[in-house]
Amino acid sequence: MSIKAGLVGLPNVGKSTLFNALTNSSVPAQNYPFCTIDPHVAITHVPDERLTLLKKIYNSQTIIPSTVTFVDIAGLVKGAATGQGLGNKFLSHIQEVDLILHVLRCFDDPSITATSAGDPLEDYETILAELMLKDLEAVEKRLEKVAHLIKQQRSNPVLLKELTAEQELLNTLKQALNDADANKVRTLIAQSAVKTTPLLSAKNFLIIANVSEDDIGDQRYKHNTAYQKLVERFGQEKVIPLSAKLESDIASLPPEEVADTMSMFGMTERGIDRVIRATYINLGLITFFTCGPKEIHAWPIERDTNVRKASSEIHTDLERGFICAEVLNYADLFALGSPGAAREKGKIRIEGQDYIVHDGDIIIVRFNV
């Protein structure tokens, strides 16, 4: 499945620098607004230490990890919803992503021009306001369309009921948007069974607190006032502290120098690895594997997916002709050391089409087309 996350923020907050680190790409990271005119797109691997052991156990030739697509979306400015800056174009790019990564400036650097007052919460509110204004425009357009359709469907009670329910939801959403209540918008969308126009402000999101290199050492970012504000507002699980500049510098190093540099800054994990992993988790994804001498392949699927549906990620023929699946979980394989030992202990199971795939399942699909 395709997984896409968009880096969003005001100009000069470090989005392109972070994008470079995430993808080892070379997007221009200039000191002026709108250097990123079109969204830059790149694919990066999801870190998963299980793949290395699976390759060893199965003596596989290659590893194919799960991937996340990152989009570096040019900086928004106040008034984007009405076309200020390069507004409408950028807002349409945000519509295409599954997860928004709000990059917020939590560092002081007089050599990099700030385009805001320097408060990351105010920056976030500026962006959110633009998203909600665009959503309000979309809701009002859809309300006009639904009202017209209701007049046409008076003789179709089933469709009329669906349209009336959507109209009620849209009116409630319109009020929440006028009240600038993003939490209510998200709750309404999440809890409603009614489908309507997708909204930017209802998208899942993470906060990236872009701190200075100095703040990374010994986790000094915990004393950074801007970072503390973000944690207080969104909770620690939603806020990822990192230094985009340091991450970009590390990404450009030869592999043999990375560990020493990380050690100098007291880093046990790359900030970008946390971003990638958190993106994966926040989208409600898990991983199952197919394993053999040719390759170890990691497949991302939504949590609570049954094995027949999951098999379509490998090939649509497997879902169409599904008979059963042979399932072994990574945890059992790791504990026992080999597929043969797992089979002897009864850890390899035959499951039918309604089996719900668990994270780390190793699957062989039996099918007939």
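Everything numeric here is computed off the predicted structure, so don't read it as measured data.

Asks: For this particular structure, what's the right way to read helix H5 (residues 157-178)?
Replies: Because each turn of an α-helix spans 3.6 residues, side chains separated by three or four positions in sequence point in the same direction. Along its 22 residues, H5 runs 31 Å from first to last C-alpha, staying within 8% of the 32 Å computed at 1.5 Å per residue. Listing the buried residues of H5 in full gives Leu160, Leu163, Glu166, Leu169, Leu170, Leu173, Ala176 and Leu177. In the core, the buried residues of H5 are packed alongside helix H4 (120-152) and helix H6 (182-191). Following H5 by one or two positions, Ala180 has its phi on the positive side, about 55°.

Asks: For this particular structure, what's the right way to read the environment of Ile100?
Replies: Counting through the fold element by element, Ile100 comes out in strand E5 (residues 99-105). Note: C-alpha distance between Ile100 and Gly9 (91 residues apart in sequence) is 9.8 Å. Not counting chain neighbours up to four residues away, the residues in contact with Ile100 comprise Gly6, Val8, Ile94, Leu131, Leu200, Lys203, Asn204, Phe205 and Leu206.

Asks: So what exactly am I meant to see when it comes to the packing of H4 against H6 here?
Replies: Packed helices, taken two at a time, are described by the angle between their axes plus the distance between the axes. Between H4 and H6, whose axes approach to 11 Å, the crossing angle comes to 50°. The angle between H4 and H6 places the two elements in the oblique class. In this structure, the crossing between H4 and H6 has a hand that is left-handed. Two secondary-structure elements touch here, H4 through Tyr124, Leu128 and Met132 and H6 through Ala182, Val185 and Arg186.

Asks: What is the right way to read H6 from this model?
Replies: Along H6, the residues that are buried comprise Ala182, Val185, Arg186 and Leu188. Buried residues of H6, seen end-on, are gathered within an arc of 165° and therefore sit on one face of the element. Along H6, the residues that are exposed and aim more than 90 degrees away from the buried face are Asn183, Ala190 and Gln191. Considering only its buried residues, H6 is in contact with H4, H5 and strand E6 (204-210).

Asks: Help me understand unusual backbone geometry in this model?
Replies: Trans is the prevailing form of peptide bonds, just as negative phi is the prevailing case for residues other than glycine. With phi around 55°, Ala180 is a residue other than glycine that occupies positive phi space. Of note, Ala180 is situated in the loop between H5 and H6. One non-glycine residue, Asp304, lies in the positive phi region at around 70°.

Asks: Please explain the pattern of salt bridges as it appears in this structure.
Replies: Should their charged atoms come close, side chains of opposite charge can pair. Within the structure shown, the criterion is met by 16 salt bridges. The salt bridge partner of Arg270 is Glu247, with a shortest N-O separation of 2.8 Å. Taken together, the residues Arg270 in the loop between helix H10 (255-264) and helix H11 (271-282) and Glu247 in helix H9 (residues 244-251) connect sequence positions 23 residues apart. You can call Arg270 buried: its relative accessible area is 13%. A salt bridge links Arg366 to Glu326; the shortest N-O distance between them is 3.3 Å. Linking Arg366 in strand E12 (residues 361-367) with Glu326 in strand E10 (residues 322-329), this pair joins segments that are 40 residues apart in sequence. The class of Arg366 is partly exposed, set by a relative accessible area of 40%. Because the salt bridges share partners, they merge into one network encompassing Asp48, Arg50 and Asp359.

Asks: Sorry if this is basic, but what is going on with the side chain of Asn329 here?
Replies: Here Asn329 lies in strand E10. In this structure the side chain of Asn329 is engaged in a polar contact, spanning 3.0 Å, whose partner is the backbone nitrogen of Ala331. In this view, Asn329 contacts His358, Asp359, Gly360, Asp361 and Ile362; residues no more than four positions away in its chain are not counted.

Asks: Sorry, what's going on with the packing of H4 against H5 here?
Replies: Across the interface, H4 lies against H5 with an axial gap of 9 Å and an inter-helix angle of 155°. With respect to their mutual orientation, H4 and H5 come out roughly antiparallel. When you trace H4 past H5, the crossing you get is left-handed. Residues Met132, Asp135, Leu136, Val139, Glu140, Arg142, Leu143, Val146, Ala147, Leu149 and Ile150 of H4 form the contact with H5, whose participating residues are Leu160, Leu163, Thr164, Glu166, Gln167, Leu170, Asn171, Lys174, Ala176, Leu177 and Asn178. Residues that form the contact of H4 with H5 fall into these classes: 13 nonpolar, four polar and five charged.

Asks: Sorry, what's going on with the nonpolar core here?
Replies: Membership of the largest hydrophobic core comes to 77 residues, with the highest contact counts inside it found for Leu18, Phe70, Leu101 and Leu230. Per-element accounting of this core gives the leading share, 12 residues, to H4. Sequence-distant contacts of Phe70, that is, excluding residues within four places in its chain, are made with Ala5, Leu7, Phe19, Leu22, His40, Val41, Ala42, Thr44, Leu101, Val275, Ile276 and Thr279. Formed by 14 residues, the second largest nonpolar core is a distinct cluster that contains Trp299, Phe322, Tyr355 and Ile363.

Asks: For this particular structure, what's the right way to read the sheet that holds strand E2 (residues 40-45)?
Replies: Through backbone hydrogen bonds, the strands of a sheet pair up, either in parallel or in antiparallel fashion. If you trace the six strands from one edge of the open sheet to the other, you get E2-E4-E1-E5-E6-E7, paired in mixed fashion. With one partner strand each, in any of the chains shown, E2 and strand E7 (239-242) form the two edges of the open sheet. Each neighbouring strand pair of the sheet contributes to a mean axis angle of 25°, computed without reference to strand direction. Pairing of E5 with E6 involves seven bridges; the strand directions are parallel. If you follow Ile100 over to E6, its bridge partner there is Phe205.

Asks: Sorry, what's going on with the side chain of His297 here?
Replies: Positionally, His297 belongs in strand E9 (residues 295-302). A polar atom in the side chain of His297 sits 3.4 Å from the side chain of Glu295.

Procedures and definitions
Position numbers for residues count from 1 along each chain, tracking the sequence in the order it is written. Given that the model is predicted, a residue must reach a pLDDT of at least 70 before its local features are reported, and side-chain atom pairs must reach 80 or more before they are shown or counted; all residues, however, enter totals for whole chains, interfaces and linings. As a rule here, side-chain values cover all heavy atoms of the structure and leave hydrogens and water aside. To qualify as a helix, a DSSP run of H or I must reach at least 4 residues; to qualify as a strand, a run of E must reach at least 2; elements of each kind are numbered from the N terminus. Expected span of a helix, by definition, is 1.5 Å for each gap between consecutive residues, and there is one gap fewer than residues. Relative accessibility thresholds used throughout: buried, under 20% of the residue-type maximum; exposed, over 50%; partly exposed, between the two (1.4 Å probe, protein chains only). Residue contacts are defined here by distance: any two heavy atoms, one from each residue, within 4.5 Å place the two residues in contact. Under this scheme, a helix contributes an axis fitted over its contacting stretch, all axes are lines through C-alpha atoms, and angles between N-to-C directions fall in the 0 to 180 degree range. Under this scheme an angle from 65 to 115 degrees is roughly perpendicular, one under 35 degrees roughly parallel, and one over 145 degrees roughly antiparallel; angles in between are oblique. Crossing handedness: left-handed means the near helix sits turned counterclockwise from the far one by under a right angle, and right-handed means the same turn made clockwise. In this description, the arc belongs to the directions extending from the helix axis to the C-beta atoms. Salt bridges are defined as contacts in which a side-chain nitrogen from Lys or Arg sits within 4 Å of a carboxyl oxygen from Asp or Glu. Under this definition, polar contacts are N or O atom pairs within 3.5 Å; protein pairs additionally need one hydrogen-donor-capable and one acceptor-capable atom, and for neighbouring residues in sequence, both atoms have to be side-chain atoms. Ten residue types, Ala, Val, Leu, Ile, Met, Phe, Trp, Tyr, Cys and Pro, are classed as nonpolar, four, Asp, Glu, Lys and Arg, as charged, and the remainder, Gly among them, as polar. We call a set of buried Ala, Val, Leu, Ile, Met, Phe, Trp, Tyr and Cys residues a nonpolar core when their side-chain atoms join them within 4.5 Å. Pairing between strands is defined by DSSP: at least two bridges between the two strands are required.

Scope: geometric values only; no functional claims are made or implied.
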